[in-house]
Amino acid sequence: MACDAVAASQVRKAEGESRIQSAAKEILAQAAQFDRWGTLALMDISLRYRRTVIGPLWITLTLAATIASVGTVYAALFKQDIASFLPPFAVGLIVWTLIATTLQEGANIFVVSGHLIKAVPAPLIVHVLQMIARNVLIFTHHLLIVVMLHVVMPWPLRWTMLLALPGFALLLMVLLGGAVVLGVLCARFRDIGSAVVSGLQFIFFLTPVIWTEDSVRGTALAWLTWVNPFTTLLDLVRKPLLSQPTDAAHWLLGIAYALAAAAIGLGCYARYRHRVAYWL
């Protein structure tokens, strides 16, 4: 009996490793086909904004209006110089918009794409990559706001701004893993989508977007900047873009978050990707 139990355990372990290897190969193979999901993302944006003059720039104009109005009000409320408050707030809100939109759409990605999943035999990861590519394209449009802010309220330009690229890569790894996990959970339990929307609204106020880390440093709320992973991920993109120094601890935490999200997302995708079609 003991030998049978050990043999069965070894078989299950081998099957689990085989599933993970198969899922990893599938994800890497599909990620390499940028022309496939990148083209689908472009088509999605063009179809969504067809018959409009400026297309997705409407989202950018709306976000710019929000930054100008809310940033001016909060700078006055916090009694801060608008030239020092508005750029961090603008970049933070732009990055947060990418985070929140990707996770919200990721939670419902398989449900929304259910008709395609059941009709077209394509790997599920394609739908996730398409959604992330679409949001990254919109994010690049939002960077025009940062350029305009630099013209009006200039800050020093340093080579360290290039560190925003690896920071952005770590952020995308976290969003990819999170979108896969939330998408699978929401396909099985539809309440997850609403919970994600409510949870992100709560987390937004715990993340230094409309408030600064300096305002809570040395207070009882200083722990919020360390236990909240979104603070670290946001700063890995925001601080380099503003030519501000980034702590080595933030980079180590960012790498740890990215590896953890990738591992959890891969395990979830390997175990449940064949069941999603039956849940839809």
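Residues numbered from 1 in each chain as written. Predicted model: local features only at pLDDT ≥ 70, side-chain atom pairs only at ≥ 80, totals over all residues. Heavy atoms only, no water.

**Some thoughts on the overall build of the protein chain**
Then comes step 1: Along the protein chain, the regular secondary structure elements total 13 helices and zero strands.
Then comes step 2: Secondary structure elements in the protein chain, listed N-terminal to C-terminal, are α-α-α-α-α-α-α-α-α-α-α-α-α.
Then comes step 3: Seen along its three principal axes, the alpha-carbon backbone of the protein chain occupies a region of about 75 × 50 × 35 Å.
Then comes step 4: In the protein chain, which comprises 280 residues, the proportion classed as buried is 42%.
Then comes step 5: Long-range pairs, those at least 24 residues apart, make up 78% of the contacts in the protein chain with a sequence separation of at least 6.
Then comes step 6: Accessible surface, the protein chain: about 15100 Å² in total, of which carbon and sulfur atoms supply 69%.
Then comes step 7: With 20 positive and 13 negative side-chain charges, the protein chain shows a spacing of 6 Å between the two charge centroids. (Helix = DSSP H or I, 4+ residues; strand = E, 2+ residues; numbered from the N terminus. Buried < 20%, exposed > 50% of the residue type's maximum accessible area, 1.4 Å probe, protein only. Contact = heavy atoms within 4.5 Å. Areas by Shrake-Rupley, 256 points an atom, 1.4 Å probe, with all protein chains shown as cover. Lys, Arg positive; Asp, Glu negative; His and termini not counted. Charge placed at Lys NZ, Arg CZ, Asp CG, Glu CD.)

**As for helix 3 (residues 57–77)**
Then comes step 1: Between its first and last C-alpha atoms helix 3 spans 30 Å; for 21 residues at 1.5 Å apiece the expected length is 30 Å, and the two agree.
Then comes step 2: Those residues of helix 3 that sit buried are Thr 60, Leu 63, Ile 67, Gly 71 and Ala 75.
Then comes step 3: The inward-facing, buried residues of helix 3 contact helix 4 (82–107) and helix 7 (125–152). (Expected span 1.5 Å × (residues − 1).)

**A few points about the nonpolar core**
Then comes step 1: In this structure, Ile 67, Trp 96, Phe 110, Val 128 and Leu 171 are the most contacted members of the largest nonpolar core, which totals 70 residues.
Then comes step 2: When neighbours within four sequence positions are excluded, Leu 171 is seen to be in contact with Val 95, Leu 98, Ile 99, Leu 233 and Val 237. (Core = buried A, V, L, I, M, F, W, Y, C linked by side-chain atoms within 4.5 Å.)

**Quick notes on the packing of aromatic side chains**
Then comes step 1: For the structure on display, the rule yields seven aromatic pairs.
Then comes step 2: Residues Phe 85 and Phe 89 carry aromatic rings whose centres are separated by 5.8 Å and whose planes lie at 15 degrees to one another, so their mutual orientation is stacked. Placement of the pair is Phe 85 and Phe 89 together in helix 4, with a separation of four residues, close to one helical turn.
Then comes step 3: Note on Phe 85: relative accessible area 3%, which makes it buried.
Then comes step 4: On the basis of relative accessibility, which here comes to 3%, the residue Phe 89 falls in the buried class.
Then comes step 5: Measuring from ring centre to ring centre gives 5.7 Å for Trp 96 and Phe 230, while their planes differ by 80 degrees; the resulting arrangement is edge-to-face. Highlighted residues: Trp 96 in helix 4 and Phe 230 in helix 11 (residues 229–241), separated in sequence by 134 residues.
Then comes step 6: On the basis of relative accessibility, which here comes to 6%, the residue Trp 96 falls in the buried class.
Then comes step 7: The exposure class of Phe 230 is buried, given its relative accessible area of 15%.
Then comes step 8: A connected cluster of aromatic rings, assembled from ring pairs, spans Trp 96, Phe 204, Phe 205 and Phe 230. (Phe/Tyr/Trp six-rings, centres within 6.5 Å; stacked < 30°, edge-to-face > 60°.)

**Considering the environment of Ala 68**
Then comes step 1: Within the secondary structure layout, Ala 68 lies in helix 3.
Then comes step 2: Ala 68 gets classed as partly exposed once you look at its relative accessible area, which sits at 41%.
Then comes step 3: Put simply, Ala 68 and Phe 89 are 21 residues apart on the chain and 9.9 Å apart in space, counted from C-alpha to C-alpha.

**Section: the pattern of salt bridges**
Then comes step 1: Under the counting rule described, the total for this entry stands at four salt bridges.
Then comes step 2: When the shortest N-O distance is used, the salt bridge between Glu 26 and Arg 273 registers 3.7 Å. Pair noted here: Glu 26 is in helix 1 (residues 2–32) and Arg 273 is in the loop between helix 12 (248–272) and helix 13 (276–279), with a separation of 247 residues, a long-range link.
Then comes step 3: When its relative accessible area of 11% is taken as the criterion, Arg 273 is described as buried.
Then comes step 4: Among the salt bridges present, the one from Arg 238 reaches Asp 235, with a minimum N-O distance of 3.0 Å. Within this pair, Arg 238 and its partner Asp 235 are both found in helix 11, separated by three residues, close to a single helical turn. (Salt bridge = Lys/Arg side-chain N within 4 Å of Asp/Glu carboxyl O.)

**Looking at the state of the cysteines**
Then comes step 1: Using the criterion set out here, one finds zero disulfides in the structure.
Then comes step 2: Cys 186 forms no disulfide, and the closest cysteine sulfur to it belongs to Cys 268, at a distance of 12 Å. (Disulfide = S-S within 2.5 Å.)

**A look at the packing of helix 7 against helix 8 (residues 164–188)**
Then comes step 1: Where helix 7 contacts helix 8, the axes come no closer than 10 Å and their chain directions differ by 140 degrees. As summarised for this structure, helix 7 and helix 8 are arranged oblique, according to the angle between their axes. Judged by the sense of rotation from one axis to the other, the crossing of helix 7 with helix 8 is right-handed. Here Ile 125, Val 128, Leu 129, Met 131, Ile 132, Val 136 and Phe 139 of helix 7 lie close against helix 8, whose contacting residues are Phe 168, Leu 172, Leu 175, Leu 176, Ala 179 and Val 180.
Then comes step 2: Among the residues making up the contact of helix 7 with helix 8, the classes are represented as 13 nonpolar, no polar and no charged. (Axes fitted to C-alpha atoms, helices over the stretch in contact; angles between N-to-C directions. Parallel < 35°, antiparallel > 145°, perpendicular 65-115°, else oblique. Left-handed = near helix turned anticlockwise from the far one by under 90°. Nonpolar A, V, L, I, M, F, W, Y, C, P; charged D, E, K, R; others polar.)

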